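Topology and contacts: notes
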Amino acid sequence: MAAGAGVARKKSAGPASPIWGTLRALWKDKQRVLFKPEYTLLVTAVLWIAEIGINIWVIHRVAYTEIDWKAYMDEVEGVINGTYDYTQLKGDTGPLVYPAGFVYIFTVLYYVTGQGRDVRLGQYLFAVFYLVTLLLVFRIYLRTSKVPPFVFFFMCCASYRIHSIFILRLFNDPVAMMLLFVAVNLFLDGRWTLGCCFYSLAVSVKMNVLLFAPGLLFLLLCEFGLLRSIPRLSLCAAIQVVLGLPFLLENPLGYVSRSFDLGRQFLFEWTVNWRFLPEEIFLSRYFHLALLGAHLSMLLLFTLYRWNRSQESIIALLKDPAQRKHTSPKLTAAQITYTLFTSNFIGVCFSRSLHYQFYVWYFHTLPYLLWSGRVTKLAPLLRVLILGLVELSWNTYPSTVYSSAALHACHLIILLSLWYGEEAAVDLHKRK
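Residues numbered from 1 in each chain as written. Predicted model: local features only at pLDDT ≥ 70, side-chain atom pairs only at ≥ 80, totals over all residues. Heavy atoms only, no water.

Quick reminder of the rule: UniProt positions are given in the numbering used here, feature names are shortened, and annotations may be inferred rather than shown by experiment.
The name given to the protein chain in an unreviewed UniProt entry is Dol-P-Man:Man(5)GlcNAc(2)-PP-Dol alpha-1,3-mannosyltransferase, and the organism recorded there is Huso huso. Turning to the protein chain, the UniProt record has this under Subcellular location (unreviewed entry): "Endoplasmic reticulum membrane". The heading Pathway (unreviewed entry) in the UniProt record of the protein chain holds the text "Protein modification; protein glycosylation."

**Describing a nonpolar patch on the surface**
Which entries qualify depends on this criterion: Like-charged residues within 9 Å of one another, or nonpolar side chains (Val, Leu, Ile, Met, Phe, Trp, Tyr) within 5 Å, are grouped into patches, provided each residue has over 30% relative accessible area and no salt bridge. Here, Shrake-Rupley sampling with a 1.4 Å probe gives the accessible areas, and only protein chains in the shown set may cover a residue. In the sections that follow, a salt bridge refers to a side-chain nitrogen of Lys or Arg positioned within 4 Å of a carboxyl oxygen of Asp or Glu. Only runs of H or I of at least four residues qualify as helices and only runs of E of at least two qualify as strands under DSSP, and these elements are numbered from the N terminus. The buried label applies to any residue whose accessible area, calculated with a 1.4 Å probe on protein chains only, is under 20% of its type's maximum; exposed applies above 50%, and partly exposed to all values in between.
Taken together, the side chains of Leu226, Leu227, Ile230, Ile315 and Leu318 present a nonpolar region at the surface, about 490 Å² in accessible area. Take Leu318: it is sitting in the loop between helix H15 (285-307) and helix H16 (333-349). Under the relative-accessibility criterion, Leu318 is labelled partly exposed at 36%.

**So, the packing of helix H7 (residues 119-144) against helix H9 (residues 160-168)**
If you want to describe how two helices pack, look at the angle between their axes and the distance between the axes. The cut-off we apply is this: Fitting a line to C-alpha atoms yields each axis, with helices limited to the stretch in contact; the angle taken between N-to-C directions then spans 0 to 180 degrees. An angle below 35 degrees is treated as roughly parallel, one above 145 as roughly antiparallel, one from 65 to 115 as roughly perpendicular, and anything else as oblique. In what follows, residue pairs with any heavy atoms lying within 4.5 Å of each other are defined as contacts. When residues are grouped by polarity, Ala, Val, Leu, Ile, Met, Phe, Trp, Tyr, Cys and Pro land in nonpolar, Asp, Glu, Lys and Arg in charged, and all others, Gly among them, in polar.
Direction vectors running N to C along H7 and H9 enclose 135°, while the axes themselves pass 8 Å from each other. It follows from the interaxial angle that H7 and H9 lie oblique. Along its contact with H7, which presents Gln123, Phe126, Ala127, Phe129, Tyr130 and Thr133, the element H9 presents Ile162, His163, Phe166, Ile167 and Leu168. Looking at the contact of H7 with H9, its residues break down into eight nonpolar, three polar and no charged.

**Remarks on the packing of helix H10 (residues 173-188) against helix H11 (residues 192-203)**
We apply this condition: Crossing handedness follows the turn of the near helix against the far one: under a right angle anticlockwise gives a left-handed crossing, and clockwise gives a right-handed one.
Two elements in contact, H10 and H11, have axes separated by 8 Å at closest approach and are oriented at 170°. Taken as axis vectors, H10 and H11 run roughly antiparallel relative to one another. Read as a crossing pair, H10 and H11 show a hand that is left-handed. The residues of H11 that touch H10, namely those facing Ala176, Leu179, Leu180, Val182, Ala183, Leu186 and Phe187, are Trp192, Leu194, Gly195, Cys196, Phe198, Tyr199, Leu201 and Ala202.

**Regarding the nonpolar core**
What tends to happen in soluble globular proteins is that the nonpolar side chains get buried as a cluster. For clarity, the cut-off: We call a set of buried Ala, Val, Leu, Ile, Met, Phe, Trp, Tyr and Cys residues a nonpolar core when their side-chain atoms join them within 4.5 Å.
Judged by nonpolar contacts, the single largest core of 126 residues is most densely connected at Phe106 and Tyr199. In terms of residues, this core owes the most to one element, H7, which gives twelve residues. Among all residues touching Tyr199, those that are not within four sequence positions of it are Leu180, Ala183, Phe187, Val209, Leu210, Phe212, Ala213, Leu216 and Cys236.

**Topic: helix H19 (residues 401-420)**
Counted only if it meets this: Between the first and last residue of a helix there are one fewer steps than residues, each counted as 1.5 Å, and that sum is the expected span.
The first and last C-alpha atoms of H19 sit 28 Å apart over 20 residues, in line with the 28 Å expected at 1.5 Å per residue. Inspection of H19 places Ser403, Ser404, Leu407, His408, Cys410, His411, Ile414, Leu415, Ser417 and Leu418 among the buried residues, and these make up the whole buried set.

What follows is the structure, encoded as structure tokens:
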């Protein structure tokens with residue numbers, strides 16, 4: 001009888017749950033899940049859900065550090081009180097040096113957080129910005145399918161500095177980059193005009209987004225030629241004028257010189273990338289000009305020999321695509337992403353100074369840059385090591401001679417892999 005009961009119990013168990021079966025299959029095939037790009041959606045979905053908990057834990061367990069938030073609030077409070085002369089707007093850390101889009105966005109945050117006093121609410125808002133940014137970045141990686149899913153762990157849970165920049169420091173850099181990634185997604189969808197709108201909005205928050213401009217200009221010329229690119233470029237300029245109009249009417253020179261100050265002098269004590277130089281060289285205008293020359297030269301080289309893989313010359317790209325000798329293939333997601341990300345990365349490599357919050361300028365693009373080339377000697381383990389060294393360099397405070405040198409060494413390896421990688425030479429103009 002006992003045996004019969006045992007048989008009955010066994011029969012009543014029924015078939016295994018389909019979900020449980022799927023999970024068991026994934027566990028058995030975990031190597032494919034971690035290394036094959038077709039599992040990107042699954043892995044990024046799990047990581048994104050985990051990030052919700054991580055952000056909440058960090059907000060409640062790790063102390064907030066006041067750096068620029070109060071200064072931001074003081075600056076926008078000056079505008080709220082009726083001051084539109086940019087030369088008169090300042091906070092605890094110095095004058096207002098960001099374009100008008102920053103003022104409008106942080107004015108909203110000023111009111112939502114009770115004149116900036118409710119910092120905890122501000123942290124939750126920036127946690128939302130962080131999660132939205134991740135979604136946008138994951139969508140780019142899903143469209144390009146180049147990076148193995150295990151790498152996204154290092155992009156999410158393993159980066160202390162990026163979590164700090166978003167939810168423990170409340171810098172404006174993440175807001176600008178979030179808008180930039182909206183623009184990149186729109187470019188990938190072929191919505192170039194709307195993408196240009198969001199690109200210009202990102203520039204209006206912080207002008208570091210201009211580092212993407214050479215790549216964007218090249219893509220517009222490839223897609224539309226010069227004449228049809230002009231309306232989109234004019235739209236970008238018009239948005240800047242409209243947003244800055246109240247300040248331009250009050251003091252146009254003051255607004256432009258403060259919000260788009262290309263000659264701004266940085267303090268040596270905050271540099272992450274040039275600590276190994278003597279301070280007098282760091283501050284030298286000749287050094288700045290040399291960096292600018294190297295930046296422009298590298299952009300020219302990539303434009304001629306890496307971005308342009310069509311049979312047309314650069315001059316021919318000025319023509320309408322229908323009038324070119326050779327039919328230009330449709331821009332791929334890979335080419336759009338590669339061109340924009342390398343344009344920005346080259347600018348970061350030759351920056352006069354990088355401060356800790358500037359890490360977010362290129363952090364989310366690093367995996368794509370490392371895996372976009374097929375340099376066989378640059379094995380996955382070495383790529384992960386480079387990501388780790390870059391993270392370590394940015395987490396070293398204050399920066400040292402060794403952390404700055406390590407950062408430049410990593411940048412150089414990435415730049416060389418982009419230049420010599422087969423992917424750069426072969427795959428950019430394949431059709432979707």
